[in-house]
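Listed here are the chains, written in short residue letters.
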Amino acid sequence: MKVKVSSFDAKAKAGDVELNDDVFGVEPRADILHRVVTWQLEKRRGTARGARERSDVARTGKKFGRQKGGGTARHGDRRAPIFIGGGKAHGPRVRDFNPSLNKKVRALGLKMALSSHAKAGSLIVMDSIAVKDGKTKALTADLAKLGFGKSALVIDGDAVENSFALAAGNLFNVNVLPAIGANVYDILKADTLVLTRAAVEKLEARFNG
């Protein structure tokens, strides 16, 4: 699959890059993408710290007063939640979601997410994403020329280009990631996927290596 290489520099010569069909030409399947996104979001969930309930508190279970005639309520256990030192009523419990998903399915999901942008025509390959002086104003003008969507995910090589990261820091609709951080949820959430040449090489090597 050939894709035109874009550049922030209007005078730069536009070339083409050949994308590996095994990575960018996979037919997306909703069930696979759903499984991977669900797994990814479950991995983000934190577990609550369990509270000690009535059965967990080390206090006497002896009835500490007469049933009648004491002038107080008929309590039978000091572990009751209404007493200081008693157990927590309906407290948080430890929940270990522990999601698991086969590595092959996760890899297939990422290929499908990349392929969905390639198929929809919302994939842009950049020669370089360096921004002059790292200014947000300059980046905003460059993005408008290239016709980015409402939200964009920019993936670079080993590390995000510093000037672009500085310029994009104030733009809520632009998310940046290194190639190692590419994930299905962020890719599908973005209207436009932007890859540098370095990112393309890293992603293809990730699956072919």
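Counting from 1, residues in each chain are numbered in the order their sequence is written. Only residues with pLDDT of 70 or above have their local features reported here, since the model is predicted, and side-chain atom pairs are shown and tallied only from 80 upward, although totals for entire chains, interfaces and linings are computed over all residues. As a rule here, side-chain values come from all non-hydrogen atoms in the structure, and water together with hydrogens is ignored.

The condition is simple: UniProt positions are given in the numbering used here, feature names are shortened, and annotations may be inferred rather than shown by experiment.
An unreviewed UniProt entry lists the protein chain under the name Large ribosomal subunit protein uL4, from Hephaestia caeni. Check the Sequence similarities (unreviewed entry) section of the UniProt entry for the protein chain; it says "Belongs to the universal ribosomal protein uL4 family." Database annotation for the protein chain, UniProt heading Subunit (unreviewed entry): "Part of the 50S ribosomal subunit."

Topic: the overall build of the protein chain
Applied cut-off: Strands are runs of DSSP state E lasting at least 2 residues, helices are runs of H or I lasting at least 4, and numbering of each runs from the N terminus. The globule rule used for comparison is 2.2 Å times the number of residues to the exponent 0.38, while the radius of gyration itself is calculated over C-alpha atoms. Relative accessibility thresholds used throughout: buried, under 20% of the residue-type maximum; exposed, over 50%; partly exposed, between the two (1.4 Å probe, protein chains only). Contacts were defined at the residue level, with two residues in contact if any of their heavy atoms lie within 4.5 Å. All accessibility values rest on the Shrake-Rupley procedure with a 1.4 Å probe; residue burial counts only the protein chains present in the view. Within this scheme the basic residues Lys and Arg register as positive and the acidic residues Asp and Glu register as negative, but His and the chain ends are omitted. Charge positions are represented by NZ for Lys, CZ for Arg, CG for Asp and CD for Glu.
Counting secondary structure elements, the protein chain contains seven helices and six strands. Counting from the amino terminus, the protein chain carries its helices and strands in the arrangement β-β-α-α-α-β-α-β-α-β-α-β-α. Relative to a compact globule of 209 residues, whose C-alpha radius of gyration would be 17 Å, the protein chain shows 28 Å and is clearly more extended. Among the 209 residues that make up the protein chain, the fraction classed as buried is 35%. Long-range pairs, those at least 24 residues apart, make up 72% of the contacts in the protein chain between residues at least 6 apart in sequence. Element-wise, carbon and sulfur atoms account for 50% of the exposed surface of the protein chain, whose accessible area totals about 13,100 Å². Side chains of the protein chain carry 37 positive and 22 negative charges; the gap between the two charge centres is 17 Å.

Quick word on the sheet that holds strand S5 (residues 174-178)
Here is the rule we go by: When DSSP locates at least two bridges between a pair of strands, those strands are taken to pair. Inter-axis angles, ranging from 0 to 180 degrees, are taken between N-to-C directions of lines fitted to C-alpha atoms, where helices are fitted over the stretch in contact.
Across the sheet, six strands lie side by side as S2-S1-S3-S6-S4-S5; this open sheet has mixed pairing. Because the sheet does not close on itself, it has two edges, and the strands there are strand S2 (16-18) and S5. Taking the axes of each pair of neighbouring strands and ignoring which way they run, one obtains an average angle of 30 degrees across the sheet. When strand S1 (residues 2-6) meets S2, the two strands line up antiparallel, connected through three bridges. Following the sheet pairing, Lys2 is matched in S2 by Glu18.

Some points on the pairing of S5
Selection rule: Seen with the strands pointing away from the viewer, any crossover whose path from the first strand over the helix to the second strand runs clockwise is right-handed.
Relative to S5, strand S4 (residues 152-156) runs parallel, the two being bridged by five bridges. From the neighbouring strand, Ile155 faces S5, where its bridge partner is Leu177. Between S4 and its parallel partner S5, the chain crosses via helix H5 (residues 162-168), and the hand of that crossover is right-handed.

A closer look at the domain arrangement of the protein chain
So the rule is basically this: Boundary definitions for the domains trace back to an automatic or database domain assignment.
As far as domains go, the protein chain holds domain 1 (2-44 + 101-208) and domain 2 (47-95). Using C-alpha coordinates to define each centre, domain 1 is positioned 56 Å away from domain 2.

Thoughts on the packing of helix H2 (residues 30-44) against helix H3 (residues 103-120)
Short version of the rule: Small angles under 35 degrees read as roughly parallel and large ones over 145 as roughly antiparallel, with 65 to 115 read as roughly perpendicular and the rest as oblique. What makes a crossing left-handed is the near helix being turned counterclockwise from the far one by less than a right angle; a clockwise turn instead makes it right-handed. The nonpolar class holds Ala, Val, Leu, Ile, Met, Phe, Trp, Tyr, Cys and Pro. Asp, Glu, Lys and Arg form the charged class, and all remaining residues, Gly among them, are polar.
Two elements in contact, H2 and H3, have axes whose closest approach is 9 Å; the angle formed by their N-to-C orientations is 110 degrees. Comparing the axis directions of H2 and H3 gives the class roughly perpendicular. In the crossing of H2 with H3, the sense of the turn from one axis to the other is left-handed. Between H2 and H3, the contacting residues are Ile32, Leu33, Arg35, Val36 and Trp39 on the first element and Val105, Arg106, Leu108, Gly109, Met112 and Ala113 on the second. Classifying every residue of the contact of H2 with H3 by side-chain character gives eight nonpolar, one polar and two charged.

Observations regarding a negative patch on the surface
The criterion, for reference: To count toward a patch, a residue needs a relative accessible area over 30% and no salt bridge; like charges are then connected within 9 Å, while nonpolar side chains (Val, Leu, Ile, Met, Phe, Trp, Tyr) are connected within 5 Å. Any Lys or Arg side-chain nitrogen located within 4 Å of an Asp or Glu carboxyl oxygen qualifies as a salt bridge.
Together, Asp16, Glu18, Asp21 and Asp22 line one region of the surface with negative charge. Elements that contribute at least two residues to the negative patch include exactly S2 and helix H1 (21-24). Checked against the element boundaries, Asp16 lands in strand S2.

Observations regarding the packing of H3 against helix H7 (residues 197-208)
Helix packing geometry: the angle between the two helix axes and the distance between the axes. Running from amino to carboxyl end, H3 crosses H7 at an angle of 150 degrees, the nearest separation of the two axes being 11 Å. Helix-helix and strand crossings are classified by hand; for H3 and H7 the assignment is left-handed. Contacts between H3 and H7 involve Ala107, Leu110, Lys111 and Leu114 from the first element and Leu203, Arg206 and Phe207 from the second. Partitioning the contact of H3 with H7 into residue classes produces five nonpolar, no polar and two charged.

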